[in-house]
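# What the coordinates show
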Amino acid sequence: MKKILIMGLPGSGKTTLASKLVPLINAKWLNADEVRKAANDWDFSEEGRKIQAKRMADMAEKHKKEGYHVVADFVCPTLAARELFNADYIVWVDTIKEGRFADTNAMFIKPEKYDYHVTTQDAEGWAPKIAKEI
């Protein structure tokens, strides 16, 4: 079972891609906005993003230990956040140059290491290809 991180800037298509991928691999789905809402935590500072990455990682590990693939879609803008999440498989959704939040754009570091590079907003086309690799 794998922890799959779908990462990229806000508005790049992460959630749409996750919605298409999850049923293809019978995975549990962690959407960052939903997880933040449940935790009532809207801290988007660098420290807040680390806390969110750890929260997402803990939830994903629980599902993985229960025998599920886990798809987590969230920005995960820094190397520290990615290290905390510790994905088994990374999908970088690289479809836009800037997101809608200046602070996120400023801290977003393009990943040097990823398993799949999505370059267009075509979730229907990409999801089966990613599922096949997983």
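To start, this report covers the structure provided alongside it. (Residues numbered from 1 in each chain as written. Predicted model: local features only at pLDDT ≥ 70, side-chain atom pairs only at ≥ 80, totals over all residues. Heavy atoms only, no water.)

At their nearest, the axes of helix H1 (residues 14-25) and helix H6 (residues 123-133) sit 9 Å apart, and the two run at 40° to each other. Relative to H6, the element H1 is oriented oblique. For H1 against H6, the interelement crossing comes out right-handed. Contacts between H1 and H6 involve Thr16, Leu17, Lys20, Leu21, Leu24 and Ile25 from the former and Ala123, Glu124, Trp126, Ala127, Pro128, Ile130 and Ala131 from the latter. (Axes fitted to C-alpha atoms, helices over the stretch in contact; angles between N-to-C directions. Helix = DSSP H or I, 4+ residues; strand = E, 2+ residues; numbered from the N terminus. Parallel < 35°, antiparallel > 145°, perpendicular 65-115°, else oblique. Left-handed = near helix turned anticlockwise from the far one by under 90°. Contact = heavy atoms within 4.5 Å.)

Once that is clear, we can look at helix H2 (residues 32-39). Burial in H2 covers these residues: Ala32, Val35 and Arg36. Buried residues of H2, seen end-on, are gathered within an arc of 100° and therefore sit on one face of the element. Relative to its buried face, H2 has exposed residues pointing more than 90 degrees away, namely Lys37 and Ala38. Turning to H2, the residues buried within the fold contact strand S2 (28-31), helix H3 (46-65) and strand S3 (70-73). N-capping of H2 is provided by Asn31, with a side-chain oxygen placed 3.0 Å from the backbone N of Asp33. Two residues or fewer after H2 comes Asn40, characterised by a positive phi angle close to 50°. (Buried < 20%, exposed > 50% of the residue type's maximum accessible area, 1.4 Å probe, protein only. Arc of directions from axis to C-beta. Polar contact = N/O pair within 3.5 Å; in protein donor to acceptor, adjacent residues only side chain to side chain.)

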